[in-house]
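Spelled out, the chains give:
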Amino acid sequence: MTAKLTPKQEAFARAYVETGNASEAYRMAYPRAKNWKSEAVNVAASRLLANAKVSLRVEELGSSRESVHGETAE
């Protein structure tokens, strides 16, 4: 069972799986961060990825994406 994430955490996880870039995903999920310095966004994105619930969700989304792409490639 997946742990409950906030809507922004879920948006971050999905954006991270799509882009592969934590800073870009953070800016997409947290629009206020678009005006932040790159270093601040990097730190915030890193902290969010270190969150156990978020990292588990990223892992779940990544593995489901791989299985979908794997099925279509065959």
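Thresholds, definitions, all that
Residues numbered from 1 in each chain as written. Predicted model: local features only at pLDDT ≥ 70, side-chain atom pairs only at ≥ 80, totals over all residues. Heavy atoms only, no water. Helix = DSSP H or I, 4+ residues; strand = E, 2+ residues; numbered from the N terminus. Buried < 20%, exposed > 50% of the residue type's maximum accessible area, 1.4 Å probe, protein only. Contact = heavy atoms within 4.5 Å. Areas by Shrake-Rupley, 256 points an atom, 1.4 Å probe, with all protein chains shown as cover. Salt bridge = Lys/Arg side-chain N within 4 Å of Asp/Glu carboxyl O. Axes fitted to C-alpha atoms, helices over the stretch in contact; angles between N-to-C directions. Parallel < 35°, antiparallel > 145°, perpendicular 65-115°, else oblique. Left-handed = near helix turned anticlockwise from the far one by under 90°. Nonpolar A, V, L, I, M, F, W, Y, C, P; charged D, E, K, R; others polar.

Quick word on the overall build of the protein chain
In terms of regular secondary structure, the protein chain is built from 4 helices and 0 strands. Sequence-ordered secondary structure for the protein chain, helices as α and strands as β, is α-α-α-α. Out of the 74 residues in the protein chain, the part that is buried amounts to 31%. Within the protein chain, counting contacts between residues at least 6 apart in sequence, those at least 24 apart form 45% of the total. Only carbon and sulfur atoms are counted for the fraction: they give 52% of the accessible area of the protein chain, which is about 5,200 Å².

Describing the pattern of salt bridges
Applying the stated criterion to the full structure yields 3 salt bridges. When the shortest N-O distance is used, the salt bridge between glutamate 10 and arginine 14 registers 2.7 Å. Of this pair, glutamate 10 and arginine 14 both sit in helix H1 (residues 7–19), 4 residues apart, which is roughly one turn of the helix. Since its relative accessible area comes to 44%, arginine 14 is described here as partly exposed. Note that arginine 57 and glutamate 60 form a salt bridge whose closest N and O atoms lie 3.3 Å from each other. Here the residue arginine 57 and the residue glutamate 60 both occupy positions in helix H4 (residues 52–73), the gap between them amounting to 3 residues, near one helical turn. Exposure remark for arginine 57: the relative accessible area of 15% places this residue in the buried category. Beyond isolated ion pairs, a larger network of salt bridges with shared partners links Glu10, Arg14, Arg57 and Glu60.

Quick word on the side chain of serine 23
Relative to the helices and strands, serine 23 is located in helix H2 (residues 22–29). Excluding residues that lie within four positions of it along the chain, serine 23 makes contacts with Val41, Asn42 and Ala45.

Thoughts on the packing of H1 against H2
It is at 8 Å that the axes of H1 and H2 come closest, and there the two elements cross at 140°. On the basis of their axis angle, the class for H1 and H2 is oblique. Seen from above, H1 lies across H2 with right-handed handedness. Two secondary-structure elements touch here, H1 through Lys8, Ala11, Phe12, Ala15, Tyr16 and Thr19 and H2 through Ala22, Glu24, Ala25, Tyr26, Met28 and Ala29. For the contact of H1 with H2, a count of residues per class yields 9 nonpolar, 1 polar and 2 charged.

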